[in-house]
Amino acid sequence: MSKPKLITEDGIRTDGRRFDELRPIRMEVGVLDKSDGSAYVEFGKTRVFAAVFGPREVHPRHLSLPDRAILNCRYHMTSFSVEERKPLGMTRREVELSKVIREALETVVFLEEFPRTSIDIYIEVVQADGGTRTTGLTAASLALADAGIPMADLIAAVAVGKVDGQLVLDLNDVEDKYGEADMPIAMAPRFNSIVLLQLNGRISKDEFPKALALAKKGIMEIYRLQREALKRKYSATPEGGM
Ligand code: ADP
């Protein structure tokens, strides 16, 4: 297929957004019964669940660490999350994403508070339309907070990129596929620290700081929505309560 036009002369993107707009976002915590913490996050058509178990005993025991918890993370896309069925099981891409997501989360979780245990995070992408690693990270940090795991901050993430020569925030799947660059970024906003930054494609030296500023703007909004989602759950009046 030849490259579709991604931005009109009036600056409108394929899904009607301007260059600096996020997709419609939905977030909810405590969505699953059987995990210790959970979250559902939606960025447009990208939809992701995250479930957290632990801190819990490590099996086999000799794999446990005497001075801290082990953080296990599995990022997985369901076979029906994309147009062409994704093969069952973990692809190389999913193994790589599980690793970079874990490394980003390890920067904020107080693992040393739970020696000899593991904290297990499962990220399930149920519908993919670009930005699944950033949506997965955003959901995972919410699920960790929902599980009551002590953290220095939440992680909020979004991709920025370049399409039809223009920097844009929060790429969707067509923009990711046919654009010139895709740069997922995750931050611990309280410390203004970047905990994940990847770049697929090319952007110039001059564009880089502009792209970063655009991502930060999106991340601050995502961070606000995360805190709101947590407050919604914990300030809700219990059923039948006062
Ligand atoms: P991210 O989802 O974090 O942007 P990628 O840049 O690797 O990660 O993927 C971009 C998008 O490509 C995904 O969000 C998804 O919509 C699509 N995609 C990824 N893997 C597959 C696959 N196996 N089959 C079809 N589409 C895929």
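Numbering of residues starts from 1 in each chain and follows the order in which that chain's sequence is written. Per-residue local features of the predicted model are confined to residues with pLDDT of at least 70, and side-chain atom pairs are confined, for both listing and counting, to 80 or more; whole-chain, interface and lining totals are unaffected and use all residues. Hydrogens and waters are ignored; side-chain quantities use all the structure's heavy atoms.

Q: Report on the overall build of the chain, specifying residues and quantitative values.
A: By definition, any uninterrupted DSSP run of H or I lasting at least four residues is a helix, any uninterrupted run of E lasting at least two residues is a strand, and each is numbered from the N terminus. A count of helical and extended segments in the chain gives four helices and ten strands. Reading the helices (α) and strands (β) of the chain from amino to carboxyl end gives β-β-β-β-α-β-α-β-β-α-β-β-β-α. Judged by the C-alpha coordinates and their principal axes, the chain covers about 55 × 45 × 35 Å. Under the scheme applied here, a residue whose accessible area is under 20% of the maximum for its type counts as buried, over 50% as exposed, and between as partly exposed, the area being computed with a 1.4 Å probe on protein chains only. Expressed as a percentage of the 242 residues in the chain, the buried residues total 49%. Pairs at least 24 residues apart make up 66% of the contacts formed inside the chain by residues separated by at least 6 positions. Accessible surface computed for the chain: about 12,500 Å², of which carbon and sulfur atoms make up 53%. For the purpose of charge, His is not counted, nor are the chain termini; Lys and Arg are scored as positive and Asp and Glu as negative. All charge positions are set by atom: Lys at NZ, Arg at CZ, Asp at CG, Glu at CD. Where the 35 positive side-chain charges of the chain centre and where its 36 negative ones centre are 2 Å apart. Contacts: residue pairs with any heavy atoms within 4.5 Å of one another. For the accessible areas, the method is Shrake-Rupley and the probe is 1.4 Å, while residue cover comes only from the protein chains on display.

Q: Please provide a residue-by-residue account of the site of the ligand, values included.
A: As a matter of local geometry, the ligand sits amid 14 residues, with R93, G130, G131, T132 and R133 nearest to it. Within the backbone of G131, one N or O atom sits 2.9 Å away from an oxygen atom of the ligand. Nitrogen and oxygen atoms within 3.5 Å of one another constitute a polar contact, given that in protein one can donate a hydrogen and the other can accept it, and given that sequence-neighbouring residues count only through two side-chain atoms. One nitrogen or oxygen atom from the side chain of R133 is found 2.8 Å from an oxygen atom belonging to the ligand. Computed on the free molecule, the ligand has an accessible area of 530 Å², of which 77% lies beneath the protein chains in the complex. Broken down by secondary-structure element, the contributors of at least two residues to the shell around the ligand are α2 (132-146) and α3 (173-178). Per-element tally for the shell around the ligand: the top contributor is α3, with three residues. Polar here means any residue outside two lists: the nonpolar Ala, Val, Leu, Ile, Met, Phe, Trp, Tyr, Cys and Pro, and the charged Asp, Glu, Lys and Arg; Gly therefore counts as polar. A per-class count over the shell around the ligand returns three nonpolar, three polar and eight charged. Working definition: residue near molecule or strand if any one of its non-hydrogen atoms lies within 4 Å of it.

Q: How would you sum up the packing of aromatic side chains? Please name residues and give values.
A: Two rings belonging to Phe, Tyr or Trp (six-membered ring only in the last case) form a pair when the distance between their centres is within 6.5 Å. Interplanar angles under 30 degrees mark stacking, angles over 60 mark edge-to-face geometry, and anything in between is tilted. Tallied over the entire structure, the rule returns two aromatic pairs. Arranged with centres 4.9 Å apart and planes meeting at 45°, the rings of Y40 and F49 form a pair that is tilted. A relative accessible area of 28% places F49 in the partly exposed class. Taking the centre distance of 5.9 Å and the plane angle of 80° together, the rings of F53 and Y122 count as edge-to-face. Separated by 69 residues along the polypeptide, F53 in strand β3 (residues 46-57) and Y122 in strand β5 (residues 117-127) bring together distant segments of the chain. Here the basic side chain of R227 rests over the ring of Y223, its NZ or CZ set 4.1 Å away from the ring centre. Two conditions define a charge located above a ring, namely a distance within 6 Å from the ring centre to NZ of Lys or CZ of Arg, and an angle within 35 degrees of the ring normal.

Q: Provide a residue-level description of the pattern of salt bridges, including the pertinent values.
A: Salt bridges are identified by distance alone: a Lys or Arg side-chain nitrogen within 4 Å of an Asp or Glu carboxyl oxygen. Applying the stated criterion across every chain yields a total of 20 salt bridges. Among the ionic pairs, R26 bridges to E42, the shortest N-O distance being 3.7 Å. Residue R26 is located in strand β1 (residues 25-29), and its partner E42 is located in strand β2 (residues 37-43); the two are separated by 16 residues in the primary sequence. R26 gets classed as partly exposed once you look at its relative accessible area, which sits at 47%. With a closest N to O distance of 3.6 Å, E42 and R47 form a salt bridge. A single network of salt bridges, built from pairs that share partners, joins R13, D15, R17, R23, D170 and E175.

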